[in-house]
Amino acid sequence: MSVSPCLVDRWTEENNAIVVRWKQYERGLQPMQDVRNRCYSESIKLLQKMQGIPAATERLKLEMTVSYNTFLFSLSFTHPSEMEKNLTRTLLRVLEAAGSQVLSSGPFKLWQVGLQTFDTSVYAPYLHKLLLIQWMLWLMEGQLESIVTLLTQINHKGELLAHVNLQTEIRNLALSMEEDSLLMVARAARDLKDLLHICTVISHGVEQMNKEKYSEALEAFQEAKDRPSPRRLMAQIHTLTGQSLSKLDQPHCALHFYRKAVEVDFSCHSALYQSALVFRQLGNSKAEIEALHLLYSAVQRQSDKCPSTASLVSPDLLLGGEQMTFINRVPSPSLILYTLAHACVLNGSISDGVEYYLDLLASFQSDNKDLVPTGVDTSFPRIPVVYLEAAFALLKAQKYRDVLVICEEVITSTLDFIPERLLLDLPMENQQTVGPTAASPDSDAVLENVDFVLWAGAAHLLQAQTHWKLKDTKEAITNFTRAINQLVKVFIKQKDWKQKNLGNTEEMVKRMLTLEAAKGQSLAGRGLCFLEKGQLKEALRDLHLSLQIFPGCRNTEMWLTEVLWRLDRREEASVTWRESYNTTDTKSKNLLPLYLQAWQDDSAFDFSGLKKKIEEHIQASNVIT
């Protein structure tokens, strides 16, 4: 069936009009927001008209060009698997027009026959455009093996090779990229090929990173870096290079590439985030905090911007959601703000930390988040923990009234969830049974109950420390006692659980050690209050119990020394003094949550008078000896 030249010319004009409209939109000359949809709809209708009649060689260039444009416009509207079916139908029509017989509709066989049929003909550039579409669809679905097979088939004329290299095959790929001035395309074939080259190499590098083959990943990113890329994509390549170098224990080289990424594209948040992680690894807390601050500011600014959607084929689309999530992974703004607040307080920037914590609590209020949510986001600390850390920061900043208010919120919110008593049976190694009257520690519900007890106890503890700072010893004793009463609600059946191998209860053991530390601090705090009131026997009892539960706290040992001295037990005081000088808080402090580090961090305790008395006593004892 022949078609008049006038109809072919009209279809050509329709194709070119669609592309012109799209080009105007890309350049910002076309304000309509539904241009992509309109171009897709019009190109589909045009292709359907052309495919409504038998394929013929005189219309082959036009049909392949319209098909190429239609596939590009359909990217936002059609699933890749459906596009592959359409591509197969298009190839079969192309081969039908050339009179080629195909026994299989498998993609590799179709491409083999198609490439052999049109290898040196005037139709080769048009077929190669469709080949780019095939490459693009497989890349979007992460089918790198299929891409390697196809490119090898092109480069080696179907010859089977024992070993092939993806990057080598792409470099050696020779496709006809000439454009037809009479037939306009939505994206130049050469530009699409270059973008596919870069994104395929990046995808291969990410795949190697997931396999922990960081040297091979680095090689891939090096090749991608050497090719011209959009600024945003180049920044992502630098970031991936830095991540590979970091995994290869080259943190300073990694920082170099993260800095290059930010220089290329300041909105490359993943580079800022990875920089913060490296600075933390290097122990450079000042640089870590600065990187986190820049990251949080950048994320806040971007939240008000709408991403550009004018690009027809973007790297994000080609690399797919899973890989782009890996490449661009950055914590949520709330988690960045929490990390920033935590780092500031941990490293002594108390006023900044307080400000960040208060911003975070305000965001919880504006988002109507419950203090004790039912769902648990494992990427973010539990909200009561954030409240307790905020209270700790406020305590360090001497904002005592605010501490009391925040802690009261924790106490009130957890009140209905705290059990009267929780008896735990921690299974020892190779022990399978659990006592009939004890709770299994493997249960999430039990872990949750322990958390409620711990949070409420810690809130009372922080309130007690605040009252002590306010010189209200009576109220401090009351709150220390409340903390103790809360914390003793959790009881472990095995008295020697610390000395024995436990089963699969690591999370419970971690919580119990934290619980013991809170209990020890509560007893020590109450003992200090009794010491100040002159109730030495009560102080001695609490301080002894504190060191039994949570040994190694230097301040507690010093207070115990003072009590023993006042009770005229000078030799015991001297021995305790010597032991305290061999004690270091560092290990236990690093294992504690931030909100339990008040006593260890407090430099307000002055033991110079006690030191002088003890040293004089020791010298006198030596002289007598």
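Named according to an unreviewed UniProt entry, the chain is Fanconi anemia group G protein originating from Triplophysa rosa.

(A) How the structure looks around the packing of helix H12 (residues 251–264) against helix H13 (residues 269–282). Orientation of H12 relative to H13, taken along the N-to-C sense of each, is 155 degrees, at an axis distance of 9 Å. If you check the angle between H12 and H13, you find them roughly antiparallel. For the crossing formed where H12 meets H13, the hand is left-handed. Listed contacts from H13 to Pro251, His252, Leu255, Tyr258, Ala261 and Val262 of H12 are Ala271, Leu272, Gln274, Ser275, Val278, Phe279, Gln281 and Leu282. Residue classes in the contact of H12 with H13 are distributed as 10 nonpolar, four polar and no charged.

(B) Geometry of the packing of aromatic side chains. For the structure on display, the rule yields 11 aromatic pairs. With centroids separated by 5.8 Å and ring planes inclined at 75 degrees, the aromatic side chains of phenylalanine 118 and tyrosine 123 adopt a geometry described as edge-to-face. When sorted by exposure, phenylalanine 118 lands in the same class as tyrosine 123, which is buried. On the numbers, 5.7 Å between centres and 75 degrees between planes, the contact of phenylalanine 452 with tryptophan 455 is edge-to-face. In this pair, phenylalanine 452 and tryptophan 455 are both assigned in helix H20 (residues 444–469), three residues apart and thus about one turn of the helix distant. Each of the two residues, phenylalanine 452 as well as tryptophan 455, counts as buried. Through successive ring pairs, a cluster of aromatic residues spans Tyr338, Tyr357, Phe364, Phe380 and Tyr387. Above the ring of tyrosine 126, the side-chain terminus of lysine 129 is found at 5.2 Å from the ring centroid. Of note, arginine 329 hangs over the ring of phenylalanine 326, and the distance from its end group to the ring centre comes to 4.3 Å.

(C) Spatial organisation of the packing of helix H10 (residues 214–225) against helix H11 (residues 231–247). Viewed as axis vectors pointing N to C, H10 and H11 meet at an angle of 155 degrees, and their least axial separation amounts to 9 Å. The orientation of H10 relative to H11 falls into the category roughly antiparallel. Considering only the axes of H10 and H11, their crossing is left-handed. Between H10 and H11, the contacting residues are Tyr214, Ala217, Leu218, Phe221, Ala224 and Lys225 on the first element and Met234, Ile237, His238, Leu240, Thr241, Ser244, Leu245 and Lys247 on the second. Taken together, the residues of the contact of H10 with H11 break down into nine nonpolar, three polar and two charged.

(D) Here's a closer look at the nonpolar core. Counting 113 residues, the largest nonpolar core has Tyr357, Phe364, Val386, Leu388, Leu424, Val490 and Tyr595 as the members making the most contacts within it. In terms of residue count, the dominant contributor to this core is H20 (14 residues). Once you skip the residues sitting within four places of it in the chain, valine 490 turns out to touch Leu422, Leu424, Val450, Val453, Met512, Leu515 and Lys519. Core analysis: the second largest hydrophobic core is formed by 85 residues, Trp11, Leu195, Ala217 and Ile327 among them.

(E) A look at the environment of leucine 218. Mapped onto the elements, leucine 218 comes out in helix H10. Taking the C-alpha atoms as reference points, leucine 218 and serine 244, 26 residues apart in sequence, are found 6.0 Å from one another. Not counting residues up to four positions away in its chain, the partners in contact with leucine 218 are Thr241, Ser244, Leu245 and Leu248.

(F) Inspection of the pattern of salt bridges at higher detail. Counted according to the given criterion, the structure contains 19 salt bridges. A salt bridge links glutamate 58 to arginine 59; the shortest N-O distance between them is 3.8 Å. By relative accessible area, glutamate 58 is classed as exposed at 56%. Residue arginine 59 is classed as buried on the basis of its relative accessible area, which comes to 1%.

(G) Main features of helix H1 (residues 5–26). The end-to-end C-alpha distance of H1 is 32 Å, a good match for the 32 Å that 22 residues give at a rise of 1.5 Å each. Of all the residues in H1, the buried ones are Val8, Trp11, Thr12, Asn15, Asn16, Ile18, Val19, Arg21, Trp22 and Tyr25. Turning to H1, the residues buried within the fold contact helix H2 (35–50) and helix H3 (60–73).

(H) Focus on helix H21 (residues 473–487). Over its 15 residues, H21 runs 21 Å from end to end, which matches the ideal 21 Å to within 8%, given 1.5 Å per residue. For H21, the set of buried residues is Thr473, Ala476, Ile477, Asn479, Phe480, Ala483, Ile484, Gln486 and Leu487.

Cut-offs and rules
Residues numbered from 1 in each chain as written. Predicted model: local features only at pLDDT ≥ 70, side-chain atom pairs only at ≥ 80, totals over all residues. Heavy atoms only, no water. Axes fitted to C-alpha atoms, helices over the stretch in contact; angles between N-to-C directions. Helix = DSSP H or I, 4+ residues; strand = E, 2+ residues; numbered from the N terminus. Parallel < 35°, antiparallel > 145°, perpendicular 65-115°, else oblique. Left-handed = near helix turned anticlockwise from the far one by under 90°. Contact = heavy atoms within 4.5 Å. Nonpolar A, V, L, I, M, F, W, Y, C, P; charged D, E, K, R; others polar. Phe/Tyr/Trp six-rings, centres within 6.5 Å; stacked < 30°, edge-to-face > 60°. Buried < 20%, exposed > 50% of the residue type's maximum accessible area, 1.4 Å probe, protein only. Lys NZ or Arg CZ within 6 Å of the ring centre and 35° of its normal. Core = buried A, V, L, I, M, F, W, Y, C linked by side-chain atoms within 4.5 Å. Salt bridge = Lys/Arg side-chain N within 4 Å of Asp/Glu carboxyl O. Expected span 1.5 Å × (residues − 1).

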